[in-house]
Amino acid sequence: MDRAGSYPTFGIRHSAIIIALLIALLLTALNLWFGELNQDEGWYLYSARQILQGRYPFVDYASTQGPVMSFAYAALWWPLQGMGLVGGRLVTAVFGWAAAGLAALLAWRLRAGDRPNRNAAAFATFALIGVNIYQSYFTTVVKTYALGSLLLTGGFLALTAGASSRPKRRFWTAVAGVLLALAAGTRISLVMILPVVFLWLASARYRNGREACPWSFVFGAAATLLAIFGPFLCAAPESFFFGMVQYHAGREAGSLTSLLAYKVAFILRTVRAYLVPFALLLVVALKHSAGHKSGGDPTRSPLLAPLVLAVLTVTGVHFMAPFPYDDYQAVIFPLFAVIVGVSIAGLLQRPTARFLLVLLCAMAAFSSPRLQNFFAAPRDRIWWPMRTESPVAQLRAVARELRDEVGPDATLLTQDTYLAVEAGLQVPDGMEMGPFCYFPEMSTERAAACHVLNREMLTGLLATTDAPVAAFSEYGLSIAAPAVQPIPNADVALLQALLEARYTPTATIPAFGQAQTTLRLYRKND
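The shown structure was predicted, so the numbers you read here are calculated from the model rather than taken from an experiment.

About the thresholds
Residues numbered from 1 in each chain as written. Predicted model: local features only at pLDDT ≥ 70, side-chain atom pairs only at ≥ 80, totals over all residues. Heavy atoms only, no water. Helix = DSSP H or I, 4+ residues; strand = E, 2+ residues; numbered from the N terminus. Buried < 20%, exposed > 50% of the residue type's maximum accessible area, 1.4 Å probe, protein only. Contact = heavy atoms within 4.5 Å. Areas by Shrake-Rupley, 256 points an atom, 1.4 Å probe, with all protein chains shown as cover. Lys, Arg positive; Asp, Glu negative; His and termini not counted. Charge placed at Lys NZ, Arg CZ, Asp CG, Glu CD. Patch = residues over 30% accessible without salt bridge, like charges linked within 9 Å, V, L, I, M, F, W, Y side chains within 5 Å. Salt bridge = Lys/Arg side-chain N within 4 Å of Asp/Glu carboxyl O. Pairing = 2+ DSSP bridges. Axes fitted to C-alpha atoms, helices over the stretch in contact; angles between N-to-C directions. Polar contact = N/O pair within 3.5 Å; in protein donor to acceptor, adjacent residues only side chain to side chain. Parallel < 35°, antiparallel > 145°, perpendicular 65-115°, else oblique. Left-handed = near helix turned anticlockwise from the far one by under 90°. Nonpolar A, V, L, I, M, F, W, Y, C, P; charged D, E, K, R; others polar. pLDDT = per-residue confidence, 0-100. Phe/Tyr/Trp six-rings, centres within 6.5 Å; stacked < 30°, edge-to-face > 60°. Expected span 1.5 Å × (residues − 1). Arc of directions from axis to C-beta.

### Details of the overall build of the chain
Right, so step 1: On a plain count of helices and strands, the chain comes out with 22 helices and six strands.
Right, so step 2: Projecting the C-alpha coordinates of the chain onto the three principal axes gives extents of approximately 85 × 55 × 50 Å.
Right, so step 3: Counting only residues that meet the buried cut, the chain has 55% of its 526 residues in that class.
Right, so step 4: Counting contacts in the chain only where the partners sit at least 6 residues apart, residues at least 24 apart contribute 73% of the total.
Right, so step 5: When the accessible surface of the chain is summed, it comes to about 22500 Å², and 65% of that surface belongs to carbon and sulfur atoms.
Right, so step 6: Here the chain holds 40 positive side-chain charges and 30 negative ones, and the gap between their average locations is 18 Å.

Now the structure itself:
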């Protein structure tokens with residue numbers, strides 16, 4: 001205590017902020033270099049490279065998300081292409097950090113009329129996002145979540161600007177429409193937020209007269225959606241409808257028991273990933289049920305209502321998917337962190353409470369199995385062997401071997417697209433979607449229009465391709481889309497025989513890439 005008998009709050013408060021920033025930076029660095037490879041990284045970066053080469057999603061190759069991410073990475077990743085996957089992860093990490101910063105600012109604005117708590121709300125929001133190893137991983141690897149959440153938080157931040165600035169209300173509401181439409185053009189599940197926000201604005205206008213501008217929002221969103229999707233819908237309607245709707249609807253979970261197991265697992269894994277914010281929200285709920293306030297009414301900002309509805313709506317969309325992967329929630333988590341941060345702000349009046357929040361988040365992060373996976377290879381009976389190199393270093397070594405053998409811009413026969421990206425090689429037309437490019441039962445005419453491969457096309461490709469080298473992990477020649485079910489063993493044997501009739505195995509690399517499967521390299525016979 002100081003002479004006045006009070007705690008030295010300045011030092012503790014700022015120490016908590018600095019520690020949170022340093023831990024968040026450490027987690028980003030660990031995930032960037034040691035984070036497990038993800039198949040999505042390959043086709044998103046390959047899509048960006050295709051745009052730089054004058055080819056476009058839906059028109060020239062298949063895509064299952066809107067084109068915003070591909071064009072954003074084509075603009076920002078191209079100076080870093082020489083860094084390969086690491087360059088893409090750097091761009092993604094910048095998006096992730098920007099999303100965390102905007103989320104903190106959004107929490108601050110939602111508490112703007114509550115001076116004692118607004119800084120605490122912003123701090124809590126950033127700590128919950130940044131000091132979370134799970135969120136850090138999925139906003140460092142190249143997926144839609146970082147850019148999608150950045151545009152999402154930016155859209156809601158624009159709504160707060162419109163609410164506080166009457167002369168520019170229409171402008172900021174239109175900007176919110178633009179940003180939320182761009183988010184939907186990045187990840188299609190986010191399109192459901194648009195009607196949520198419109199209905200909230202319309203109801204606010206009905207209650208408060210001219211205080212809300214729903215039609216400005218509609219104008220901004222509709223014009224942006226038309227600009228994003230219109231050209232591709234006109235140029236390649238069948239491929240567009242296939243990638244944006246039918247591909248996602250065609251997945252199958254199998255039996256009812258499997259479907260229920262996937263749903264329960266989605267809930268449990270999501271809670272495990274975000275245990276600290278869920279626990280804190282439960283504490284606030286219990287305090288309110290007991291009649292205690294956590295420092296002002298967190299519902300004082302009317303914008304919290306669409307924020308909560310947006311989180312619930314997108315979560316519901318993810319839950320309804322046949323395979324509801326828990327990482328889907330990474331794109332919406334910054335909004336959930338804002339809700340929690342605003343709600344617990346009153347519990348963080350004392351600087352020591354903020355330090356304890358960072359400590360709690362850090363304990364959850366560093367006790368996560370993800371941290372062990374950075375350094376441990378797959379378990380061998382009772383032993384945990386250590387990795388000899390990081391996944392990125394391993395990818396670089398294999399890519400360098402392939403590139404040295406065939407030179408740049410050659411074709412690599414593979415469904416592990418991140419290997420082609422790292423080596424600077426091309427993949428055969430129709431294989432851009434990696435493990436999910438094979439639709440065995442689709443007609444040849446439709447497969448060609450949708451830029452994927454059916455059984456006839458894949459067998460023909462294996463029998464005739466001039467690719468000088470090939471590389472297949474256990475993800476290759478193993479998955480039948482759109483159901484995303486294993487290819488029957490007899491078909492796998494046929495495909496493997498076609499491959500080995502023209503290609504000679506040259507190397508076997510264990511524990512490679514996503515899920516650490518075995519990678520086999522091949523050279524085309526003379």
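Here the narrative resumes.
### Describing a nonpolar patch on the surface
Right, so step 1: Residues Ile-19, Phe-355, Leu-356, Leu-359 and Met-363 make up a contiguous nonpolar surface patch of about 450 Å² in total accessible area.
Right, so step 2: Sort the elements by how many residues they give to the nonpolar patch and helix α16 (residues 351–366) lands first, with four residues.
Right, so step 3: Residue position: Leu-356 is located in helix α16.
Right, so step 4: Overall, Leu-356 belongs to the exposed group, its relative accessible area being 52%.

### Examining the sheet that holds strand β5 (residues 503–512)
Right, so step 1: Taking strand neighbours across the sheet as the criterion, the four strands line up as β1-β2-β6-β5 in an open arrangement whose pairing is mixed. The open sheet is flanked by β1 (412–414) and β5, the only strands paired with a single partner. Averaged over all neighbouring strand pairs, the angle between strand axes comes to 20 degrees, with direction disregarded.
Right, so step 2: Relative to the sheet, helix α18 (residues 391–406) contacts β1, β2 (469–472), β5 and β6 (517–524), its axis offset from that of β5 by approximately 165 degrees.

### Points about the side chain of Ser-63
Right, so step 1: With respect to the helices, strands and loops of the structure, Ser-63 is situated in the loop between α2 (39–52) and α3 (68–76).
Right, so step 2: From its side chain, Ser-63 meets the backbone oxygen of Gln-65 in a polar contact 3.0 Å long.
Right, so step 3: Ignoring sequence-local partners within four residues, the contact set of Ser-63 consists of Pro-57, Phe-58, Gly-243 and Met-433.

### Some details on the pairing of β5
When a strand is regular, its side chains alternate between the sheet's two faces.
Right, so step 1: Here seven bridges tie β5 to β6, and the two strands are oriented antiparallel to one another. Bridged to Tyr-503 within β6 is Lys-524.
Right, so step 2: Here β5 folds back onto β6, and the loop between the two strands holds four residues, one of which, Gly-513, carries a positive phi near 65 degrees.

### Concerning the packing of helix α5 (residues 115–130) against α16
When two helices pack together, their arrangement is given by the angle between the helix axes and the distance between those axes.
Right, so step 1: Taken N-terminus to C-terminus, the directions of α5 and α16 make an angle of 15 degrees; their axes are 10 Å apart at the nearest point. If you check the angle between α5 and α16, you find them roughly parallel. As α5 runs across α16, the sense of the crossing is right-handed. In contact with Ala-120, Phe-123, Ala-124, Ala-127 and Leu-128 of α5, α16 contributes Arg-354, Leu-357, Val-358 and Cys-361.
Right, so step 2: When its residues are assigned to classes, the contact of α5 with α16 shows eight nonpolar, no polar and one charged.

### Remarks on the confidence of the model for the chain
Right, so step 1: With 94% of its residues at a pLDDT of 70 or more, the chain has an overall mean of 92.
Right, so step 2: Low pLDDT, under 50, characterises residues 1–9; the stretch is placed with six contacts to residues that sit more than four places away or in other chains.

### Some remarks on the packing of aromatic side chains
Right, so step 1: Per the counting criterion, the structure on display carries 27 aromatic pairs.
Right, so step 2: Seen in terms of ring centroids, Phe-34 and Phe-374 are 6.5 Å apart; in terms of plane orientation they differ by 40 degrees. Their pairing is tilted. Here the residue Phe-34 occupies a position in helix α1 (residues 9–34), and Phe-374 occupies one in helix α17 (residues 369–375), the gap between them amounting to 340 residues.
Right, so step 3: Residue classification places Phe-34 among the partly exposed positions, given a relative accessible area of 24%.

### With respect to α18
Right, so step 1: The terminal C-alpha atoms of α18, which comprises 16 residues, lie 23 Å apart, in line with the 22 Å expected from a rise of 1.5 Å per residue.
Right, so step 2: Among the residues of α18, Pro-391, Val-392, Gln-394, Leu-395, Val-398, Ala-399 and Leu-402 are the ones counted as buried. Each buried residue of α18 sits inside an arc of 160 degrees when the element is viewed along its axis, so together they form one side.
Right, so step 3: Phi turns positive, to about 85 degrees, at Gly-407, one or two residues after α18.

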